[in-house]
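Residues per chain are reported as follows:
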Amino acid sequence: MNSKRVLVAYGSRHGATAGIASEIGKALREDGFDAVVLPADDVEDVRGFDAVVLGGSLYAGHWSGKALHCAERNEQYLKHRPVWLFSSGPVDSSAEQHEIPPVPAVARQMERLGAREHATFGGSITASTPGLIAKALVRHGKGGDFRNSERIQAWAHHIGSELAAAA
Ligand SMILES: Cc1cc2nc3c(=O)[nH]c(=O)nc-3n(C[C@H](O)[C@H](O)[C@H](O)COP(=O)(O)O)c2cc1C
């Protein structure tokens with residue numbers, strides 16, 4: 001067991017991003033890290049962690065406010081730790097086809113925190129997603145679960161290898 005503690009925090013409205021965070025946490029635990037997965041709202045202090053992965057879902061071109069506030073609240077400590085950011089959203093295969101850059105607020109956080117990398121993962125809208133827009137999208141055949149476990153796990157193991165190399 002690697003003694004490094006890694007926080008995987010997420011801002012999610014309906015659980016899709018929480019699922020991605022949980023896969024990242026699982027992959028990091030497989031790599032021997034002590035990975036803890038928490039909703040971004042519950043993160044009060046990151047000082048107990050050696051590294052942080054923070055992600056949020058995209059709505060109308062904006063990153064989750066929960067993830068953004070978590071980054072802002074903890075800025076002074078995140079700056080001194082290795083940080084990775086991710087976004088989740090596209091309900092199509094675009095995230096598989098090309099790299100989707102961070103939206104402007106996330107790009108600013110990358111800069112402020114000196115974050116190592118950003119990744120965009122596909123999102124999910126299914127019949128159980130609440131909200132009129134989500135329901136309409138599903139009705140018109142535009143829903144689906146585009147979270148790609150293989151890609152999520154590969155990114156998490158890549159983070160794990162960077163952290164192990166820095167040991
Ligand atoms: C009203 C609405 C607006 C959305 N806007 C975006 C968007 O601007 N960009 C994007 O990539 N995905 C967008 N999505 C897709 C969501 O980001 C996707 O469903 C995501 O997996 C939701 O994650 P969550 O359940 O963790 O909140 C939108 C979804 C809805 C319902």
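Remember, predicted model here, so these are calculated numbers, not experimental data.

Trainee: Would you mind going over the environment of Asp-41 with me for this structure?
Mentor: Its place among the elements puts Asp-41 in the loop between strand E2 (34-39) and strand E3 (51-59). In this structure the C-alpha to C-alpha distance between Asp-41 and Gly-65, which are 24 residues apart in sequence, comes to 9.6 Å. Beyond its immediate chain neighbours, meaning those up to four positions away, Asp-41 contacts Lys-66 and Arg-73.

Trainee: Is there a simple way to explain the UniProt feature "domain: Flavodoxin-like" (unreviewed entry) in the chain in this structure?
Mentor: The residues that UniProt annotates with the feature "domain: Flavodoxin-like" (unreviewed entry) are residues 6-160. Structurally, residues 6-160 is divided into 40% helix and 25% strand, and its ends, taken at the C-alpha atoms, are 10 Å apart.

Trainee: Whenever I open this one, the site of the ligand confuses me. Can you help?
Mentor: Around the ligand, the structure places 19 residues, and the nearest of them are Ser-12, Arg-13, Thr-17, Leu-58 and Gly-61. Contact between the ligand and Thr-17: an oxygen atom at 2.6 Å from a side-chain N or O atom of the residue. Taking Ser-124, its main chain carries an N or O atom lying 2.8 Å from an oxygen atom of the ligand. Burial of the ligand by the protein chains amounts to 81% of its free accessible area of 640 Å². Going through the elements one at a time, helix H1 (16-30), E3 and strand E7 (124-125) are the ones with two or more residues in the shell around the ligand. Residue contributions to the shell around the ligand peak at three residues, all from E3. Split by residue class, the shell around the ligand holds eight nonpolar, 10 polar and one charged.

Trainee: Is there a simple way to explain the packing of helix H2 (residues 65-73) against helix H5 (residues 104-113) in this structure?
Mentor: Between H2 and H5, the least distance of the axes is 11 Å, while the angle of their chain directions is 20°. In terms of their interaxial angle, H2 and H5 are classed as roughly parallel. The chirality of how H2 crosses H5 is left-handed. Across the interface between the two elements, Leu-68, Ala-71 and Glu-72 of H2 pack against Ala-105, Gln-109 and Leu-113 of H5.

Trainee: Looking at this structure, how should I read the side chain of Ser-12?
Mentor: You can see Ser-12 is positioned in the loop between strand E1 (5-11) and H1. Owing to a relative accessible area of 12%, Ser-12 belongs among the buried residues under this scheme. A distance of 2.9 Å separates a polar side-chain atom of Ser-12 from the backbone nitrogen of Gly-15. If we skip the residues at most four places from it in the chain, Ser-12 touches Thr-17, Ala-18, Ser-57, Ser-64 and Lys-66.

Trainee: Got a minute to help me understand helix H7 (residues 149-165) in this structure?
Mentor: Because each turn of an α-helix spans 3.6 residues, side chains separated by three or four positions in sequence point in the same direction. The terminal C-alpha atoms of H7 lie 24 Å apart, and with 17 residues this matches the ideal 24 Å at 1.5 Å per residue to within 8%. Where H7 is concerned, the buried positions are Ile-152, Trp-155, Ala-156, Ile-159, Gly-160 and Leu-163. The arc enclosing the buried residues of H7, seen along the axis, measures out at 145°, which places them on a common side. Set apart from the buried face of H7 by more than 90 degrees, the exposed residues are Glu-150 and Ala-165. Where the residues of H7 are buried, they touch E1, H1, E3, strand E5 (83-88) and strand E6 (117-121). The residue sitting at the N-terminus of H7 and contributing the capping side-chain oxygen is Asn-148; that oxygen lies 2.9 Å from the backbone nitrogen of Glu-150.

Each value, and the rule that gives it
Residues numbered from 1 in each chain as written. Predicted model: local features only at pLDDT ≥ 70, side-chain atom pairs only at ≥ 80, totals over all residues. Heavy atoms only, no water. Helix = DSSP H or I, 4+ residues; strand = E, 2+ residues; numbered from the N terminus. Contact = heavy atoms within 4.5 Å. UniProt positions renumbered as here; feature names shortened; annotations may be inferred. Near = heavy atom within 4 Å. Polar contact = N/O pair within 3.5 Å; in protein donor to acceptor, adjacent residues only side chain to side chain. Areas by Shrake-Rupley, 256 points an atom, 1.4 Å probe, with all protein chains shown as cover. Nonpolar A, V, L, I, M, F, W, Y, C, P; charged D, E, K, R; others polar. Axes fitted to C-alpha atoms, helices over the stretch in contact; angles between N-to-C directions. Parallel < 35°, antiparallel > 145°, perpendicular 65-115°, else oblique. Left-handed = near helix turned anticlockwise from the far one by under 90°. Buried < 20%, exposed > 50% of the residue type's maximum accessible area, 1.4 Å probe, protein only. Expected span 1.5 Å × (residues − 1). Arc of directions from axis to C-beta.

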